[in-house]
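Each chain, written out:
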Amino acid sequence: MRLILLGPPGAGKGTQALRLVAKYGLVQLSTGDMLRGAVKAGTPIGHRVKDIMDRGALCPDDVVVNIVAERIEQPDARKGFILDGFPRTVPQAVALDRILKKRGIALDAVIEIKVDEDALLKRIETRIAEMTARGEPLRADDNPQVLRQRLAAYRAQTTPLVAYYRKKKVLRTVDGMAPIPDVTTAIDKALSPGPAARAGAADGIKRKRRIKPMEPRLGIMGNKSSKRPQAARKSSAARKRATRKAKGGDIARP
Ligand code: AMP
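Keep in mind the model is a prediction, meaning the values are calculated, not measured.

Chemist: Tell me about the nonpolar core, residues and numbers included.
Modeler: Counting residues in each nonpolar core, the largest one holds 33 residues, and the members touching the most others are Ile-72, Phe-81, Leu-83, Leu-96, Val-110 and Tyr-165. At the level of secondary structure, the elements contributing two or more residues to this core comprise strand 1 (2-6), strand 2 (27-30), helix 3 (44-55), helix 4 (61-73), strand 3 (81-84), helix 5 (90-102) and helix 8 (160-167). In terms of residue count, helix 4 provides more of this core than any other element does, 6 residues in total. Setting aside residues no more than four positions away along its own chain, Leu-83 makes contact with Leu-3, Ile-4, Leu-5, Leu-29, Val-68 and Leu-96. Formed by 22 residues, the second largest nonpolar core is a distinct cluster that contains Ile-113, Val-115, Leu-120 and Val-174.

This is the structure:
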């Protein structure tokens, strides 16, 4: 399974990603974590992005796209992954399409965790204040001012992805303001082959094939047609055409 978690900072993408990792055995690919790792390790990329990240702005598309392209190639990502924090711009999404196409794979779903920005800001400000009071370390971009900047970046550059993925019919939206377990349940529902996924199938989401239970063997008087494979069964229109043809009255259709 290949998923994208879409949502502003603080929406709970990381928390939900961890649950999905545990449930589906996927790897979580967080561009934020990868970039922070590069900064910490003092790599050339780290030097390039440090100030940008500290300001709460978005790093250049080419930098992030190259990191993701390389990471997706790793063996642990073969059985599936969750992209957390990527893509964040339309050019990144276009680049991701190209990367996936080249590898002959496709996205299963894009989960949008929808939140109310004002409530989110309050929630995060409270969390930062609590962490500060407990003396816990904060990230450089974990302060209310930078947070506002990160939310503004999300609104301006990332929200167009909602329409982008809706058009591709892979978007699933869940209410991120609900309690964490409820968000998890909503995501599970969006990914499971229930009514939501049936709608998803119409939307272009890939569904697992249902395996039909074996039908009991019928006696010689049984209805054999029910044992024939679907493709071999004629639709009623096809049956009528065959009857007309047998009677010499069939008309070729364009
Ligand atoms: P996150 O931990 O996902 O909130 O990311 C932290 C910071 O890393 C962001 O504020 C950006 O500066 C940078 N970043 C992470 N992912 C991306 C991305 N896909 N495109 C551009 N910048 C990113």
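Text resumes after the structure shown.
Chemist: An account of the site of the ligand is requested, with residue identities and associated values reported.
Modeler: Taken together, 16 residues form the shell around the ligand, and within it Thr-31, Ala-57, Gly-85, Gln-92 and Arg-150 come nearest. At a separation of 2.8 Å, a nitrogen atom of the ligand approaches a polar side-chain atom of Thr-31. Contact between the ligand and Ala-57: an oxygen atom at 2.6 Å from a main-chain N or O atom of the residue. Within the complex, 96% of the 480 Å² of free accessible area of the ligand lies under protein. Counting residues per element, the shell around the ligand draws most heavily on helix 2 (residues 31-41), which supplies 4 residues. Residues that form the shell around the ligand fall into these classes: 7 nonpolar, 4 polar and 5 charged.

Chemist: Talk me through the packing of helix 2 against helix 4; I want residue IDs and the actual numbers.
Modeler: Two numbers describe how helix 2 lies on helix 4: the axes approach to 11 Å, and their chain directions differ by 105°. Looking at the two axes, helix 2 sits roughly perpendicular to helix 4. On helix 4, the residues touching Thr-31, Met-34 and Leu-35 of helix 2 are Val-63, Val-64, Ile-67, Val-68 and Arg-71. Looking at the contact of helix 2 with helix 4, its residues break down into 6 nonpolar, 1 polar and 1 charged.

Chemist: Go over the packing of aromatic side chains with me, naming the residues and quoting the values.
Modeler: Under the definition given, this model contains 1 aromatic pair. Here Tyr-164 and Tyr-165 contribute two aromatic rings whose centre-to-centre distance is 5.0 Å and whose plane-to-plane angle is 85°, an arrangement assigned as edge-to-face. Residue Tyr-164 shares its accessibility class with Tyr-165, and that shared class is buried.

Chemist: Quick rundown of the side chain of Gln-16? Include the residues and the values.
Modeler: You can see Gln-16 is positioned in helix 1 (residues 13-24). A distance of 2.9 Å separates polar atoms of two side chains, one belonging to Gln-16 and the other to Thr-184. Not counting residues up to four positions away in its chain, the partners in contact with Gln-16 are Leu-5, Ile-113, Ile-180, Val-183, Thr-184 and Ile-187.

Chemist: Can you break down helix 9 (residues 180-191) residue by residue, with the values?
Modeler: Under the 1.5 Å per step criterion, the end-to-end length of helix 9 is 17 Å for 12 residues, consistent within 8% with the ideal 16 Å. Of all the residues in helix 9, the buried ones are Val-183, Thr-184, Ile-187, Ala-190 and Leu-191. The buried residues of helix 9 occupy an angular sector of 125° when projected down its axis, which confines them to one face.

Chemist: Outline the sheet that holds strand 1, supporting the account with residue identities and numerical values.
Modeler: Strand order in this open sheet of 5 strands is 2-3-1-4-5, and the pairing throughout is parallel. The sheet is open, and its two borders are formed by strand 2 and strand 5 (171-175), each paired with just one other strand. Taken over all neighbouring pairs, the strand axes of this sheet differ in orientation by 25° on average, direction set aside. Note: strand 1 against strand 4 (residues 109-114), 4 bridges, orientation parallel. Bridge assignment links Leu-3 to a residue of strand 4, and that residue is Ala-109.

Chemist: Please provide a residue-by-residue account of unusual backbone geometry, values included.
Modeler: Geometrically, the link from Phe-86 to Pro-87 is a cis peptide bond, its omega value of -5° lying close to zero. Of note, Pro-87 is situated in the loop between strand 3 and helix 5. One non-glycine residue, Lys-169, lies in the positive phi region at around 65°. Among the secondary structure elements, Lys-169 is positioned in the loop between helix 8 and strand 5.

About the thresholds
Residues numbered from 1 in each chain as written. Predicted model: local features only at pLDDT ≥ 70, side-chain atom pairs only at ≥ 80, totals over all residues. Heavy atoms only, no water. Core = buried A, V, L, I, M, F, W, Y, C linked by side-chain atoms within 4.5 Å. Buried < 20%, exposed > 50% of the residue type's maximum accessible area, 1.4 Å probe, protein only. Helix = DSSP H or I, 4+ residues; strand = E, 2+ residues; numbered from the N terminus. Contact = heavy atoms within 4.5 Å. Near = heavy atom within 4 Å. Polar contact = N/O pair within 3.5 Å; in protein donor to acceptor, adjacent residues only side chain to side chain. Areas by Shrake-Rupley, 256 points an atom, 1.4 Å probe, with all protein chains shown as cover. Nonpolar A, V, L, I, M, F, W, Y, C, P; charged D, E, K, R; others polar. Axes fitted to C-alpha atoms, helices over the stretch in contact; angles between N-to-C directions. Parallel < 35°, antiparallel > 145°, perpendicular 65-115°, else oblique. Phe/Tyr/Trp six-rings, centres within 6.5 Å; stacked < 30°, edge-to-face > 60°. Expected span 1.5 Å × (residues − 1). Arc of directions from axis to C-beta. Pairing = 2+ DSSP bridges.

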